[in-house]
Amino acid sequence: MKPAVFSYLRPTNLQQALNYLEEYGEDSKILSGGQSLIPTMNMRLSAPAYLIDISRIKELNYIRQDGDFLAVGALTKHKDIEHSDLVKEVCPLLAEAIKWVGHAQIRNRGTVGGSIAHGDPSAELPCVLTALRGEIVIANVDGSEEVLVPEEFFLTYMLTSLQPDQMVKEVRFPIISKQCRSAFVEVARRHGDFGLAMVAAVVDLNEDGSLSNVKIAVGGVNPTPTVLEEVEHYLVGKKLTDNVLEHVSTLTEESVDPETDLHGTAEYRRELAAKLTVRAIKIAVERAKEGEKHVQ
Amino acid sequence: MSNKVQVEITINGKIVQKEVEPRLLLTDFIRDECNHTGTHLGCEHGVCGACTILLDNEPVRGCLMFAVQADGSEIQTVESLKNADGTLNVLQQSFSDNHALQCGFCTPGFLMTLTHFLEDHQNPSEKEIREAISGNLCRCTGYANIIKAVQQAAKTLQNEEMNHSVISAQ
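Going along each chain's sequence as written, the residues are numbered from 1 onward. The order in which chains are written sets their letters, starting at A; the order in which ligands are written sets their numbers, starting at 1. For this predicted model, a pLDDT threshold of at least 70 governs which residues receive local features, and a threshold of 80 or more governs which side-chain atom pairs are given and counted, while totals over whole chains, interfaces and linings are taken from all residues.

Engineer: What am I meant to see in the overall build of chain A here?
Structural biologist: Segments assigned H or I by DSSP are reported as helices when at least four residues long, segments assigned E as strands when at least two residues long, and all are numbered from the N terminus. For chain A, the helix and strand inventory stands at 12 helices and 14 strands. Labels follow a simple rule on C-beta atoms placed from the backbone: if 20 or more others lie within 10 Å of a residue's own, it is buried; if 12 or fewer, it is exposed; otherwise it is partly exposed. Here chain A holds 296 residues, and the buried ones make up 52% of them. Taking all contacts inside chain A whose residues are at least 6 apart in sequence as the whole, residues at least 24 apart take part in 65%. A pair of residues counts as a contact when their C-beta atoms, built from backbone coordinates, are within 7 Å of each other.

As structure tokens, then:
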């Protein structure tokens, strides 16, 4: 299990990286943390002729508040998200989800841009970004930028709309209102494994205890992370009763189309997605009632 | 191949300068180029944790990095752990005392993960220890003895620190 031969390029700024991408295009791959790319290269599932190591481009490593968004540079490592007070303050959903990304050893190397560009439907960050209706900022070689929403960016399993000469530059998580509460739940075979199913949920409560402003996305059970639109619409104005939750469960099962693999059957994953959706909503509502912003 | 790259990597305090193929994994650099064979390679795709090393004092998977990426970095491997007189350090001795290893293949990875963990966890709970070692697989011990070893090591280190502060206060 050793990777195939490649040439190594180490740009020191974004423009240089984009120039390399323009020159080598489909023969090249961007290397940032390498925590998804290198396993596929070790297994020879991927054998790019050129690796463009962008990990030393300092200008892409930041976490900052930018208006109504939490802007995260593509080269920000998972561990930096995990230890950021700003993330805990303005995006507790992301702070809760990040602990589910791999293991500490992986989070020490893996990057936010890498996780998004990899487009794995079982990954946590795409699920959170989809639930929050975030944005992906893409850099073009001519210096222009494009801003895409998750539905435009994630096309199917491991496939995004990113062109060979484009690069993810920034990921933007909308900052939700202070009264909103969120929850991220996941089931994996072992701690740190890819999730069989995961749900990110945001809710707000009206004064009478009914729900408003519901945002839910599910990951691991469709070719891309998916907003549960029908569940969101259904829940607005409702209080959580057993009947309501049962209907949420049914709607969720109808919205997902998982596949059977080594780790679980399609039926199991479908039921899991429904159970986790109910669980995430219950936890978020519980937190909203307590009025405490949840940060572990 | 003619596309070799010059790297300078500090490994266990010693600067190593070599020309390497870009595709050389950091673990293979450590084992084959530097002859530090304590770092083990298990799965070679980032699952088992046997190859865990400290890169600039943070635990990372050696098999999920190319040596060229570590250019300019400092690396510590299991060989760096022993005391100056060659005896086992506190964590290693605790592993030995508690039978926290049987075949020993996974042990270097556990030791490096836990070396970092014990730096910021002086009195860890069992839950914290279990979470800390969740990225390292052991097929022999069932983990129970590893947890005992970490608890003993944490206690010993705490006592050593207390004795040390008493001595410096005197």
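Engineer: When you look at the packing of helix α11 (residues 242-255) of chain A against helix α12 (residues 266-290) of chain A in this model, what are you seeing that I'm missing?
Structural biologist: When two helices pack together, you describe them by how their axes are tilted relative to each other and by the distance separating the axes. Residues and elements named next belong to chain A. Viewed as axis vectors pointing N to C, α11 and α12 meet at an angle of 140 degrees, and their least axial separation amounts to 8 Å. It follows that α11 is oblique to α12 by the angle criterion. Crossing of α11 over α12 shows right-handed handedness. Seen from α11, the contacting residues are L245, V248, S249, T252 and E253; seen from α12, they are R270, A273, A274, T277, V278 and I281. Under the scheme applied here, ten amino acids are nonpolar (Ala, Val, Leu, Ile, Met, Phe, Trp, Tyr, Cys and Pro), four are charged (Asp, Glu, Lys and Arg), and all others, including Gly, are polar. For the contact of α11 with α12, a count of residues per class yields 6 nonpolar, 3 polar and 2 charged. Structural elements are reduced to axes, namely lines fitted to C-alpha atoms, with helices fitted over the stretch in contact, and the angle between N-to-C directions of any two is expressed from 0 to 180 degrees. Just so you know how the angles are binned, under 35 degrees is roughly parallel, over 145 roughly antiparallel, 65 to 115 roughly perpendicular, and the rest oblique. Here a crossing is called left-handed whenever its near helix is offset anticlockwise from the far helix by less than a right angle, and right-handed whenever the offset is clockwise.

Engineer: Looking at this structure, I do not really get α11(A). What am I missing?
Structural biologist: One turn of the α-helix equals 3.6 residues, which is why residues spaced by three or four share an orientation. Residues and elements named next belong to chain A. Under the convention used throughout, the expected extent of a helix is 1.5 Å for every residue step, that is, one less than its residue count. The terminal C-alpha atoms of α11 lie 20 Å apart, and with 14 residues this matches the ideal 20 Å at 1.5 Å per residue to within 8%. Restricting attention to buried positions, one finds in α11 the residues V248, T252 and S255. For α11, the angular spread of the buried residues around the axis is 65 degrees, confining them to a single face. Within α11, the exposed residues directed more than 90 degrees away from the buried face are D242, N243 and E246. It is the directions from the helix axis to the C-beta atoms whose arc is reported.

Engineer: Whenever I open this one, the sheet that holds strand β1 (residues 7-9) of chain A confuses me. Can you help?
Structural biologist: Strand pairing in a sheet takes place through backbone hydrogen bonds and is either antiparallel or parallel in direction. Residues and elements named next belong to chain A. Between any two strands, at least two bridges found by DSSP are needed for them to pair. The sheet built from 3 strands is open, its strands ordered β1-β3-β2 with parallel pairing. Strands at the two margins of the open sheet, each flanked by one partner only, are β1 and β2 (28-31). Neighbouring strand axes in the sheet, compared pairwise and without regard to direction, differ in orientation by 25 degrees on average. In this structure, β1 lies alongside strand β3 (residues 50-53), joined through 3 bridges in parallel fashion. The residue bridging S7 from the neighbouring strand is Y50, located in β3. Each of β1, β2 and β3 is contacted by helix α1 (residues 14-24), which is oriented at about 170 degrees to β3, the strand it contacts most.

Engineer: Looking at this structure, how should I read the sheet that holds strand β11 (residues 181-188) of chain A?
Structural biologist: All names here are of chain A. One open sheet accounts for 4 strands, arranged β11-β12-β13-β14; its pairing is antiparallel. Strand pairing shows two members of the sheet lacking a second neighbour, β11 and β14 (226-227), which therefore form its edges. Here β11 runs beside strand β12 (residues 195-205); their pairing, made up of 8 bridges, is antiparallel. Across the sheet, residue A183 finds its bridge partner in β12, namely A201. Here helix α8 (residues 124-132) sits on the sheet and contacts β11, β12, β13 (211-219) and β14; the angle it forms with β13, its principal contact strand, is near 150 degrees.

Engineer: Got a minute to help me understand the pairing of β3(A) in this structure?
Structural biologist: Regular strands place side chains that alternate from one sheet face to the opposite one. All names here are of chain A. The side-chain alternation of β3 yields two buried faces, one formed by Y50 and I52 and the other by L51 and D53. By the bridge criterion, 4 bridges tie β2 to β3 in an arrangement that is parallel. Residue pairing across strands places I30 opposite I52, the latter belonging to β3. Crossovers are marked right-handed if the path from the first strand over the helix to the second runs clockwise, as seen with the strands pointing away from the viewer. Crossover β2 to β3 through helix α2 (residues 37-42) is right-handed.

Engineer: What should I look at first to understand the packing of helix α3 (residues 107-120) of chain B against helix α5 (residues 144-169) of chain B in this one?
Structural biologist: Residues and elements named next belong to chain B. The geometry of α3 relative to α5 is characterised by a closest axis approach of 12 Å and an angle of 40 degrees between their N-to-C directions. Comparing the axis directions of α3 and α5 gives the class oblique. Note that α3 runs across α5; the crossing there is right-handed. Contacts from F110, L114 and L118 in α3 reach I146, V150, A153, A154 and L157 in α5. For the contact of α3 with α5, the per-class residue count stands at 8 nonpolar, no polar and no charged.

Engineer: Looking at this structure, how should I read the confidence of the model for chain B?
Structural biologist: Detailed conclusions should not be drawn from predicted coordinates in areas where pLDDT is low. By definition, pLDDT measures how confident the predictor is in each residue, and it falls between 0 and 100. Confidence in the prediction for chain B averages 96 pLDDT; 98% of positions are at 70 or higher. Reported for the predicted complex are a pTM of 0.95 and an ipTM of 0.93.

Engineer: Can you walk me through the interface of chain A and chain B in this structure?
Structural biologist: Reports of interface size often rely on the accessible area that becomes lost once the parts have come together. With 25 residues of chain A at the contact, the number on the chain B side is 21 residues. Going through the elements one at a time, β1, α2, β3 and α6 (104-107) of chain A are the ones with two or more residues in the side of chain A that touches chain B. Classifying every residue of the side of chain A that touches chain B by side-chain character gives 12 nonpolar, 10 polar and 3 charged.

Engineer: Help me out: how do you make sense of the nonpolar core in this one?
Structural biologist: For soluble globular proteins, nonpolar side chains are generally found buried alongside one another. Buried Ala, Val, Leu, Ile, Met, Phe, Trp, Tyr and Cys residues form a nonpolar core when they are connected through C-beta atoms within 7 Å. Membership of the largest hydrophobic core comes to 133 residues, with the highest contact counts inside it found for I52(A), L94(A), V128(A), A200(A), A201(A), V203(A) and A284(A). Not counting the four nearest positions on each side in its chain, V128(A) is found in contact with L93(A), L94(A), A97(A), F184(A) and A200(A).

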